[in-house]
Amino acid sequence: MSLDQLWAGWRHDYVTAAGAAERRGTDDDCVFCRIAASGDPSEDNGVVWRDELTFVVLNAYPYASGHLLVAPVRHLSSLAELTVTESAGLWEATRTAAAAIGTAYDPDGLNIGANLGRAAGAGIPRHLHLHVLPRWSGDTNFMTAVAGVRVLPESLPRSWERLTRAWPPG
Ligand SMILES: [Zn+2]
């Protein structure tokens, strides 16, 4: 079995598990809410930065090293539900996440985006989140990356350390 097949299988389990949790219909099962309630940024919770409204966490199932997720603390699924203040905080954190990835990884480019709804590819559609990830020339194209076929050259603790160190002060 190739690495790509292994990786795609792992992601499939993750998506399936998320769907099962959602079918139970309890917000206790929301992984983003659990992360939001997990306290200060640490290597253990994978949170790189947070304030009262927004947090930035390493994707535990990254498409590339340094793949970050930016989410509102409040459990909501659509852009329309964001307050103006939450929306501004989300974008500012996204902007800063892009800067931190740039400093930590010096990539050739970045992808920033959201998958809104399961049909659009969201693994966890009930809690809004934006993806920010580094890209390199000769990389696979974006659709391939989003399909989850990537090899991981770096451990999550190592990514956490690099991005935390690169996060701008203030
Ligand atoms: Zn949630």
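Notes on the structure in this doc start here. Every value quoted in this text rests on a predicted model; they were computed, and no experiment measured them.

We now examine the sheet that holds strand S3 (residues 68-72). Spatial ordering of the open sheet is given by S1-S2-S3-S5-S4, a layout of five strands whose pairing is antiparallel. Edge strands, defined here as strands with exactly one partner in the open sheet, are strand S1 (47-50) and strand S4 (109-113). Averaged over all neighbouring strand pairs, the angle between strand axes comes to 15°, with direction disregarded. Two strands pair when backbone bridges link them, and strand S2 (residues 54-58) and S3 are joined in this way by five bridges, in the antiparallel orientation. The residue of S3 that forms the bridge with leucine 58 is leucine 68.

This next bit is on the nonpolar core. Ranked by internal contacts, the top residues of the largest apolar core, which has 22 residues, are Val48, Val56, Leu68, Val70, Ala97, Leu163 and Trp167. Listed by contribution, the elements that provide at least two residues to this core are S2, S3, helix H3 (84-105), strand S5 (130-135) and helix H5 (156-166). The element that contributes the greatest number of residues to this core is H3, accounting for eight residues. Those residues in contact with valine 48 that lie beyond four places of it in its chain are Pro41, Val56, Val57, Leu58, Leu68, Trp160, Leu163, Thr164 and Trp167.

At a minimum axis distance of 8 Å, the contact between H3 and H5 shows a crossing angle of 115°. With respect to H5, the axis of H3 lies roughly perpendicular. Where H3 crosses over H5, the handedness of that crossing is right-handed. On H5, the residues that touch Ala100, Ile101, Thr103, Ala104 and Tyr105 of H3 are Ser159, Arg162, Leu163 and Ala166. Residues of the contact of H3 with H5, tallied by class, amount to six nonpolar, two polar and one charged.

Right, let's get into H5. Helical geometry note: an α-helix holds 3.6 residues per turn, so side chains three or four residues apart project in the same direction. Every buried residue belonging to H5 is among Ser159, Trp160, Leu163 and Ala166, and all of these are buried. All buried residues of H5 project into a common sector of 140° when viewed along the axis, lining one side. Residues of H5 that are buried in the fold lie against S1, S2, S3 and H3.

Bringing the coordination of the zinc ion into the picture now. Four donors placed tetrahedrally around a metal ideally meet at 109.5 degrees, and six donors placed octahedrally ideally meet at 90 or 180 degrees. The protein atoms that coordinate the zinc ion are Cys30 (SG), Cys33 (SG), His75 (ND1) and His127 (ND1), at distances of 2.0 to 2.3 Å. Here the zinc ion binds four donor atoms, and the angle range of 103 to 115° at the metal identifies the geometry as tetrahedral. Sequence spacing of the donor residues for the zinc ion, all on one chain, is C-x2-C-x41-H-x51-H.

Moving on, we get to the packing of aromatic side chains. A full pass over the atoms with the stated rule returns one aromatic pair. Measuring from ring centre to ring centre gives 6.0 Å for tryptophan 49 and tryptophan 167, while their planes differ by 15°; the resulting arrangement is stacked. You can see tryptophan 49 sitting in strand S1 and its partner tryptophan 167 sitting in the segment after H5, a full 118 residues away along the chain.

Moving on to the environment of histidine 75. Tracing the sequence through the fold places histidine 75 in the loop between S3 and H3. As for histidine 75 and alanine 36, which are separated by 39 residues in sequence, their C-alpha atoms are 9.4 Å apart.

For S5, the tally of buried residues reaches six of six residues, placing the bulk of the element in the interior. The side-chain alternation of S5 yields two buried faces, one formed by Leu130, Val132 and Pro134 and the other by His131, Leu133 and Arg135. As paired strands, S4 and S5 are joined by five bridges and run antiparallel to one another. Its bridge partner being in S5, asparagine 111 is matched across the sheet by leucine 133.

Quick notes on the rules
- Residues numbered from 1 in each chain as written.
- Predicted model: local features only at pLDDT ≥ 70, side-chain atom pairs only at ≥ 80, totals over all residues.
- Heavy atoms only, no water.
- Pairing = 2+ DSSP bridges.
- Helix = DSSP H or I, 4+ residues; strand = E, 2+ residues; numbered from the N terminus.
- Axes fitted to C-alpha atoms, helices over the stretch in contact; angles between N-to-C directions.
- Core = buried A, V, L, I, M, F, W, Y, C linked by side-chain atoms within 4.5 Å.
- Buried < 20%, exposed > 50% of the residue type's maximum accessible area, 1.4 Å probe, protein only.
- Contact = heavy atoms within 4.5 Å.
- Parallel < 35°, antiparallel > 145°, perpendicular 65-115°, else oblique.
- Left-handed = near helix turned anticlockwise from the far one by under 90°.
- Nonpolar A, V, L, I, M, F, W, Y, C, P; charged D, E, K, R; others polar.
- Arc of directions from axis to C-beta.
- Donors = N, O, S within 2.8 Å, 3.2 Å for Na, K, Ca; no water.
- Tetrahedral: all angles 85-135°; square planar, octahedral: opposite > 155°, others 65-115°.
- Phe/Tyr/Trp six-rings, centres within 6.5 Å; stacked < 30°, edge-to-face > 60°.

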